[in-house]
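# Overview (structure and organization)
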Amino acid sequence: MTIQSFIPPHRILMGPGPSDISPQVLQALSRPTVGHLDPLFVGMMDELKSLLKYAFQTENEFTIAVSAPGSAGMETCFVNLIEPGEKVIVCRNGVFGERMRENVVRAGGIAEVVDDEWGTPVSVAKVEQALKDNPDAKVLAFVHAETSTGACSDAEALGKLAKQYGVLTIVDAVTSLGGVPLKVDEWQLDAVYSGSQKCLSCVPGLSPVTFSPAAIEKIQSRTTPVQSWFLDQSLVLGYWSGEGKRSYHHTAPVNSLYALHESLLILKNEGLENAWQRHRDMHEKLKQGLAKLGFEFVVEESSRLPQLNAIYIPQGIDDAKVRNHLLNTYNLEIGAGLGALAGKAWRIGLMGYGARAENVALCLRALEESLAQ
Ligand SMILES: *Cc1c(COP(=O)(O)O)cnc(C)c1O
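Residues numbered from 1 in each chain as written. Predicted model: local features only at pLDDT ≥ 70, side-chain atom pairs only at ≥ 80, totals over all residues. Heavy atoms only, no water.

To continue, consider helix H4 (residues 95–106). If you check H4, its first and last C-alpha atoms are 17 Å apart, about what twelve residues at 1.5 Å a residue would give, namely 16 Å. Among the residues of H4, those classed as buried are Val-95, Phe-96, Gly-97, Met-100, Asn-103 and Val-104. Once H4 ends, the next one or two residues include Gly-108, with phi positive near 85 degrees. (Helix = DSSP H or I, 4+ residues; strand = E, 2+ residues; numbered from the N terminus. Expected span 1.5 Å × (residues − 1). Buried < 20%, exposed > 50% of the residue type's maximum accessible area, 1.4 Å probe, protein only.)

Written out as C-alpha cells, the structure reads:
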C-alpha cells in the first residue's frame, strides 16, 4: 500500500472545539519557520504577550501561552499553585469541574467539592458556604464556561467572593476567552487558563495562561518544588521574559505561535466587545431557528453560553446517525453529548470565526433536512 499526503476535506466545525479557523490564521501557520531564539521571533513573542493581555483584560506581567493544549494550561495552574496537603474548593457542574478535582488530588491537594446540577451555573451561595465551612482553604477553582453543558458561571461574583475570604482563584476560561466577557483584573482572578482552539479560532495545541501578582507570590513562596519539570512556571518565566535574557527551556512551537499571534490580532482588530456581541447575535439567530424546529436548550436562558449551544435530541432520533449524516452530506461537524448528556444532547458551537451567519444558516438547514429524513 502506498501512503500519500493527507489532504482532509474542508469541514465546517460547529462542535465544542476545535472551531473553524480563518484562512488568514492558516496562512500564518505556513510562513517560514525561524529559530525560536531568533531576535525577530523574540519580538513576535513580546507582541503576542501584549495581545494576550488584551484578550484576558489584564496587566499581569506573567501572561503567556503554554506549549500544549488547554488541559496542560489547567495542569499548569494546579501544579504550580497547590502544594501537597493544601485544601482547594472545587466547583463541579460538568465534565471539566471533575477534571479540576482530579488535578487537585494529583497535585497532592485536598479537594472540597461543591456540586451543582449539570446544565446549571456554579451556585455562588453554596461556594460562600463552603468558604465559611473551610477557613483553611487556600484556593477556589471553577470553570467559567462549562463546555460539557453550555452553562456560564458568574466568574465576577466568584472572583470577588474569593478575595473577600482571602483565597486565590484558579479559573478555566478555555471556552470563555474571546466569546463572552472575561475581565481578569476587574474580577480579581488569579490563575486563569484558556485554549487556542475554541473562541480564538486558532490551531489546537496552545494554552494561554495568566497569573496575578498574588499567584506569582504563592508560587515563589512554595516550600516544595513543582513536581512537573515541564510545567514549572518558575523555569518557563526565564524563557518568556527579560530583555536579552531569553534562555532555552523547550523549543517553542514556532509556527503555532505565528497562528496564535494572527488570531489574537484578528480579535484585537475586531475589538473584544464587538466579538462578544457577534457571539450573542449569532446565538440569537441560531436559537430562533432551533425553536422553529422544536429543539429545547439544556441551559436556562440567563446562564446560557452563546458559543456553546447544548440542545436535547428529540425523542426517537438516532444521535450518531444524524451526526454522521451532517458530516458526510454537509461536511458539518456538531458535538455529541458528553458525560451525563451523552446520547441525550447535541452541542452546537458558535466559536470565534465559526460564529457567522452563513454557518448558522447551514446548520439550521442541515438539521431540518436530517430530521425530516
Ligand atoms: C476544551 C476544554 C478544555 C481542554 O482543552 P484541550 O485543548 O482539549 O486540552 C478544558 N476546559 C474546558 C472548559 C474546555 O472546553
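Time to look at the packing of aromatic side chains. Applying the stated rule across the entire model yields three aromatic pairs. Measuring from ring centre to ring centre gives 5.2 Å for Phe-62 and Phe-211, while their planes differ by 10 degrees; the resulting arrangement is stacked. Taken together, the residues span a long stretch of sequence, with Phe-62 in strand E2 (residues 62–66) and Phe-211 in strand E10 (residues 207–211) at a distance of 149 residues. For the residue pair Phe-62 and Phe-211, the accessibility class agrees, reading buried in each case. Look at Phe-295 and Trp-346: their rings are 6.2 Å apart centre to centre, the planes differ by 55 degrees, and that puts the pair in the tilted class. Residue Phe-295 is found in the loop between helix H10 (272–292) and strand E11 (308–312), and its partner Trp-346 is found in strand E13 (residues 345–349); the two are separated by 51 residues along the sequence. Using a relative accessible area of 0% as the deciding quantity, one classes Trp-346 as buried. Sitting above the plane of the Tyr-54 ring, Lys-268 keeps its charged end 5.8 Å from the centroid. (Phe/Tyr/Trp six-rings, centres within 6.5 Å; stacked < 30°, edge-to-face > 60°. Lys NZ or Arg CZ within 6 Å of the ring centre and 35° of its normal.)

For the protein chain, the assigned domains are domain 1 (12–17 + 272–372) and domain 2 (23–268). Here the C-alpha centroids of domain 1 and domain 2 sit 27 Å apart. Each partner contributes residues to the interface: domain 1 has 25 residues there, and domain 2 has 29 residues. Between domain 1 and domain 2, a total of about 2100 Å² is buried, with carbon and sulfur atoms accounting for 68% of that surface. On the domain 1 side of the interface with domain 2, the three residues burying the most area are Leu-272, Trp-276 and Leu-305, jointly 32% of the side's total. Along the contact surface separating domain 1 from domain 2 lie zero salt bridges. At the surface where domain 1 touches domain 2, the tally comes to seven residue pairs in polar contact (both at pLDDT 80 or more). (Domains from an automatic or database assignment. Contact = heavy atoms within 4.5 Å. Buried area = accessible area lost by both parts, 1.4 Å probe. Salt bridge = Lys/Arg side-chain N within 4 Å of Asp/Glu carboxyl O. Polar contact = N/O pair within 3.5 Å; in protein donor to acceptor, adjacent residues only side chain to side chain.)

Here the focus is the pattern of salt bridges. It is possible for side chains bearing opposite charge to pair when their charged atoms get close. A full pass over the atoms with the stated rule returns 19 salt bridges. The residue Arg-356 makes a salt bridge to Asp-20 at a minimum N-O spacing of 3.8 Å. Of this pair, Arg-356 sits in the loop between E13 and helix H12 (357–372) while Asp-20 sits in the loop between strand E1 (12–14) and helix H1 (23–29); the two residues are 336 residues apart in sequence, bridging distant segments of the chain. Both residues of the pair, Arg-356 and Asp-20, count as buried. For the salt bridge of Arg-323 with Asp-319, the shortest nitrogen-to-oxygen distance reads 2.8 Å. Of this pair, Arg-323 and Asp-319 both sit in helix H11 (residues 319–330), four residues apart, which is roughly one turn of the helix. For Asp-319, a relative accessible area of 14% corresponds to the buried category.

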